[in-house]
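The residues making up each chain are set out below.
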Amino acid sequence: MTDVHIIGAGIHPFGRTEGRSGRDQGVFAVREALADAGVAWEDIEYAYGGSSSAGNADIMVNELGLTGVPFINVANGCATGGSALAAARNAVAAGQCDLALAVGFDKHERGAFNPEPSDWGLPGWYGETGMMLTTQFFALKIQRYMQRHGISRETLARVPEKAFRNGEKTPHAWRRSPLDLETILHSPMVNDPLTKYMFCSPAEGGVALVIASEKKARELGAKGVRVASIAVRTRPPGSFEVFAPSIRSEPGGKPTELASQAAFEEAGVGPGEIDIAQLQDTESGAEIMHMAENGFCEDGKQEAWIAEGRTEIGGALPVNTDGGCLACGEPIGASGLRQVYENVQQLRGRAGERQVPGAPRLAYSHVYGAPGLAAVAILER
């Protein structure tokens, strides 16, 4: 197995882009990533990509060029982008190729996601109760967590307050206007305790990464970042995840904990060594819970961490430095790769106003999705 590096990163701004399809946004990101890496589309030996609502990724060869490249479509819910990256990294690490591409994109309709119970192995009654509406599930889950671990509503609101503040500094973010704590707390209630500004929105966007073997990176003189580890895990027995039809009185394991532990073990580092983290934050409660599930703090300690500013850009562990899903929105196919894109920019010192001080060395990304799936990637400068 050879070391693998990300040598090119490209992004199409997230949000809403009228007149441009999701696939076109993916093509835009690919061309940016190729230019950043200093290579041509003809040089790519394997490609992996996917979207949830914008069609098959391999069709973008019509725009990029008919080179005969093996292009594998990836579909893994919110972890689609992370899974594409894992596949591209594994192809390079195994010696199948020296240059690979991972791409994700999407273009969702306005409004909440509307999944069908049967697509997720669930009976019709589950949808009739309203539980397929993810806002309701997330609200119930964070209610339970707040009661068990003493998390306040003010802490819930501080998460999007930070997100929109970071989004203001981020050219690819959708929500770029700061909001104060009181506005967030007193915005319309969607599902108690989560208000309007505590949720991300389905969105549009595209991200692409060029992956190279160590030999190829040296040959190109590329200044990339090393992929120290990637881990993808599904839910263990007793976990309480999106679309779970029941819950144990005593909680079981969590896919995020499994993926995090595996990624730390492969990278040979611990949570205390991470300089920057991008954590799944489809709603503000998710960021709070995932701080603990990824091993960065104990359950309940988030209250103090957030109040003390430890997750701010200048804090001990900056979290979601580009505003995360809350500020960028969530185009499912692209969202996980956006986290990695942000970490690449941070490790290369190219993040502009949102740059984490002190030349960060280790960056962590975590994506989570239905029906209980998590992917973690650790990058090293």
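## Digging into empty space enclosed by the protein
One way to see where empty space is left: roll a probe the size of a water molecule over the atoms. In total, this model carries two cavities of 30 Å³ or more according to the counting rule given. If you add up the space inside the largest cavity, you get close to 80 Å³. As for the largest cavity, its lining consists of Gly82, Leu85, Ile230, Gly336, Gln339, Val340, Ser365, His366, Val367, Ala375, Val376 and Ala377. Going through the elements one at a time, α3 (80-93), α13 (332-347), β10 (362-369) and β11 (373-380) are the ones with two or more residues in the lining of the largest cavity. Residues of the lining of the largest cavity, tallied by class, amount to seven nonpolar, five polar and no charged. Considering only enclosed or pocket space, the second largest cavity measures out at about 70 Å³ in volume. Every residue along the wall of the second largest cavity is listed here: Phe137, Phe138, Lys141, Val242, Glu283, Ala286, Met289, His290, Glu293 and Tyr368. Looking at the lining of the second largest cavity, the elements with two or more residues in it are α5 (134-149) and α10 (284-293). For the lining of the second largest cavity, the leading source of residues is α10, giving four residues. Its residues placed into classes, the lining of the second largest cavity shows six nonpolar, one polar and three charged.

## Let's talk about the nonpolar core
Among the nonpolar cores identified, the biggest contains 57 residues, and Leu194, Ile274, Phe296, Tyr364 and Ile378 are the most heavily contacted of them. With sequence-adjacent residues up to four places away left out, Leu194 is seen in contact with Phe138, Ala139, Ile142, Leu156, Met189, Phe199, Glu283, Ser284 and Gly285. Within the second largest apolar cluster, 37 residues are counted, among which are Ile11, Leu85, Val225 and Ala377.

Basis of the calculations
- Residues numbered from 1 in each chain as written.
- Predicted model: local features only at pLDDT ≥ 70, side-chain atom pairs only at ≥ 80, totals over all residues.
- Heavy atoms only, no water.
- 1 Å grid on protein atoms, 1.4 Å probe; cavity = no way out; pocket = protein on both sides within 12 Å on 5 of 7 lines; lining within 4 Å.
- Points joined across faces, edges and corners; volume = space filled by probe spheres on them.
- Helix = DSSP H or I, 4+ residues; strand = E, 2+ residues; numbered from the N terminus.
- Nonpolar A, V, L, I, M, F, W, Y, C, P; charged D, E, K, R; others polar.
- Core = buried A, V, L, I, M, F, W, Y, C linked by side-chain atoms within 4.5 Å.
- Buried < 20%, exposed > 50% of the residue type's maximum accessible area, 1.4 Å probe, protein only.
- Contact = heavy atoms within 4.5 Å.

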